[in-house]
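Here is what each chain is made of, one letter per residue.
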Amino acid sequence: MSDDTYLFVSDLHLDARLPAAVAQFMSFLKGPASEAAGLYILGDLFEAWVGDDDPEPCRNQVCEALRDYTSSGKPCFVVRGNRDFLFGAGFEARTGCQLLPDPVRVTIGALQLFVSHGDVLCTDDHAYQELRSVVRQSAWQRHFMALPLDTRRALADAARSGSKAHTGRTQYSVMDVNTAAVLAAFRATGTRLMVHGHTHRPGVHSVDVDGQSATRIVLGDWYEQGSCLHVQANGHYELLTLPRG
Ligand code: MN
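Reading the values: rules and limits
- What you see as residue numbers is a count from 1 along each chain, following the sequence as written.
- This being a predicted model, a pLDDT of at least 70 is required before a residue's local features are given, and a value of 80 or more before pairs of side-chain atoms are given or counted; all residues contribute to the totals for chains, interfaces and linings.
- Side-chain calculation: all heavy atoms of the structure are included, whereas hydrogens and water are not.
- Per the convention used, a helix needs a DSSP run of H or I reaching at least four residues, while a strand needs a run of E reaching at least two, with both numbered from the N terminus.
- In this treatment the radius of gyration is a C-alpha quantity, and the globule benchmark scales as 2.2 Å times the residue count to the 0.38 power.
- Only heavy atoms matter for contacts: two residues are in contact if any of them lie within 4.5 Å across the pair.
- Here the Shrake-Rupley method, with its probe set to 1.4 Å, supplies the accessible areas, and only the displayed protein chains count as covering residues.
- For helices, the axis comes from a line fit to the C-alpha atoms of the stretch in contact; other axes are also lines fit to C-alpha atoms, and the angle between any two N-to-C directions lies between 0 and 180 degrees.
- These descriptions rest on fixed angle ranges, namely under 35 degrees for roughly parallel, over 145 for roughly antiparallel, 65 to 115 for roughly perpendicular, and the rest for oblique.
- Just so you know the grouping, Ala, Val, Leu, Ile, Met, Phe, Trp, Tyr, Cys and Pro go in nonpolar, Asp, Glu, Lys and Arg go in charged, and all remaining residues, Gly too, go in polar.
- Distance and chemistry together define a polar contact, namely a pair of N or O atoms within 3.5 Å, with one atom able to donate a hydrogen and the other to accept it when in protein, and with adjacent residues in sequence counting only for side-chain atoms on both sides.
- Note that water is not among the atoms used; donors are N, O and S atoms within 2.8 Å of the metal (3.2 Å for Na, K and Ca), so sites may look incomplete.
- A 1.4 Å probe rolled over the protein chains alone gives each residue an accessible area, and that area as a share of the maximum for its type sets the label: buried under 20%, exposed over 50%, partly exposed in between.
- Note on aromatic contacts: the rings of Phe and Tyr and the six-membered ring of Trp form a pair at centre separations within 6.5 Å, being stacked when their planes are under 30 degrees apart, edge-to-face when over 60 apart, and tilted otherwise.
- A pair of strands is treated as paired once DSSP finds two or more bridges between them.

A. How the structure looks around the overall build of the protein. What the protein contains, in helices and strands, is eight helices and 11 strands. Taken against the 2.2 N^0.38 rule, which gives 18 Å for 245 residues, the C-alpha radius of gyration of the protein at 17 Å falls within 12% of a compact globule. Seen through its C-alpha atoms, the protein measures out along the principal axes to roughly 50 × 40 × 35 Å. Residue pairs in contact within the protein that sit at least 24 positions apart in sequence constitute 66% of those at least 6 positions apart. Split by element, the accessible area of the protein, about 11,200 Å² in all, is 54% carbon and sulfur.

Here is the structure:
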């Protein structure tokens, strides 16, 4: 790997109930990520995040590994996902990671990338977008953070079950990105390369934007294996599957 390569991952959904994924991410940080110029985590690093004050051991272990990574001098940029949208200044302090807005334009060498967790592009899922607009309000988040940790954890568990029920009864196409939203994002930002996760449908898609060719790269989840995009400053990129040893 050349030293101007940045790595992109998303949807790791790390949780004590899936120790193999946690272990794989820890070795990923010490291995490929440490050889790269830096790391971008595009949301849903954790299965749930109920506040920066949560001392839960598994999540804490991951935070400490990220702290080791950033202490070694490597930058780690994080976009909030729909599972860890409560990342705040406390998370940055614990990990040394830098939170980015969503969506955000990222520059690597001569490349301009449109980067997002991806849920903002799934505009056909009206029920989800309505929920998203509520929980992203600062008033809602203040009320939630004022609750005791145990209550917040119980509510997050309930939200996960609700989300599973929703995805179970909602049509596959409704939960994918909306084509018009993708085109609008390319037009508004003038970028020709988009990277996102969220849909758990890894792939590289060619998109025609007003006669110009653009590319949309979707990162995969880490439930059964890893998924990682390498982006070099010279414009080369490669979407890789990381087998679980
Ligand atoms: Mn997601």
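B. Broad picture of the packing of helix H1 (residues 19-30) against helix H3 (residues 57-71). Between H1 and H3, the least distance of the axes is 10 Å, while the angle of their chain directions is 10 degrees. Our classification of the angle between H1 and H3 gives roughly parallel. Along the contact surface, H1 presents Val 22, Phe 25, Met 26 and Leu 29, while H3 presents Cys 58, Gln 61, Val 62, Ala 65, Leu 66 and Tyr 69. Residue composition of the contact of H1 with H3, grouped by class: nine nonpolar, one polar and no charged.

C. Molecular detail of the environment of Asp 54. On the secondary structure map, Asp 54 appears in the loop between strand S2 (38-41) and H3. Not counting residues within four places of it along the chain, the set of residues in contact with Asp 54 comprises Arg 59, Arg 94, Leu 149 and Arg 153. Polar side-chain contacts of Asp 54 include one of 3.1 Å to the backbone nitrogen of Glu 56.

D. Quick peek at the coordination of the manganese ion. Taken together, the protein ligands of the manganese ion are Asp 44 (OD), Asn 82 (OD1), His 117 (NE2) and His 198 (ND1), with distances of 2.0 to 2.3 Å. All donors to the manganese ion come from one chain, and their sequence spacing reads D-x37-N-x34-H-x80-H. In this pair, His 117 is assigned in the loop between strand S6 (111-116) and helix H5 (126-135) and His 198 in the loop between strand S7 (193-196) and strand S8 (203-209), connecting sequence segments 81 residues apart. In terms of burial, His 117 and His 198 fall into one category: buried.

E. How the structure looks around the packing of aromatic side chains. Counted under the stated rule, the structure contains 13 aromatic pairs. Measuring from centroid to centroid gives 6.1 Å for Phe 46 and Phe 87, while their planes differ by 75 degrees, and the two rings are edge-to-face. Of the two residues, Phe 46 sits in the loop between S2 and H3 while Phe 87 sits in the loop between strand S3 (76-79) and helix H4 (89-95), which places them 41 residues apart along the sequence. Judged by its relative accessible area of 0%, Phe 46 falls in the buried class.

F. Looking closely at the side chain of Asp 84. By secondary structure assignment, the location of Asp 84 is in the loop between S3 and H4. Apart from the residues within four sequence positions on either side, Asp 84 is in contact with Gly 43, Asp 44, Leu 45, Phe 46 and Trp 49.

G. Structural view of the sheet that holds strand S9 (residues 212-218). The strand order S5-S6-S7-S9-S8 describes an open sheet built from five strands, whose pairing is mixed. Across the chains shown, the open sheet's two edge strands, defined by having one partner strand only, are strand S5 (104-108) and S8. Taking each pair of neighbouring strands and ignoring which way they run, the sheet shows an average axis angle of 25 degrees. Strand direction decides the pairing type here: S7 and S9, joined by four bridges, are parallel. By the bridge assignment, His 196 is partnered in S9 with Val 218. Along the sheet face, helix H8 (residues 179-189) touches S5, S6, S7, S8 and S9 and points at about 70 degrees away from the line of S8.

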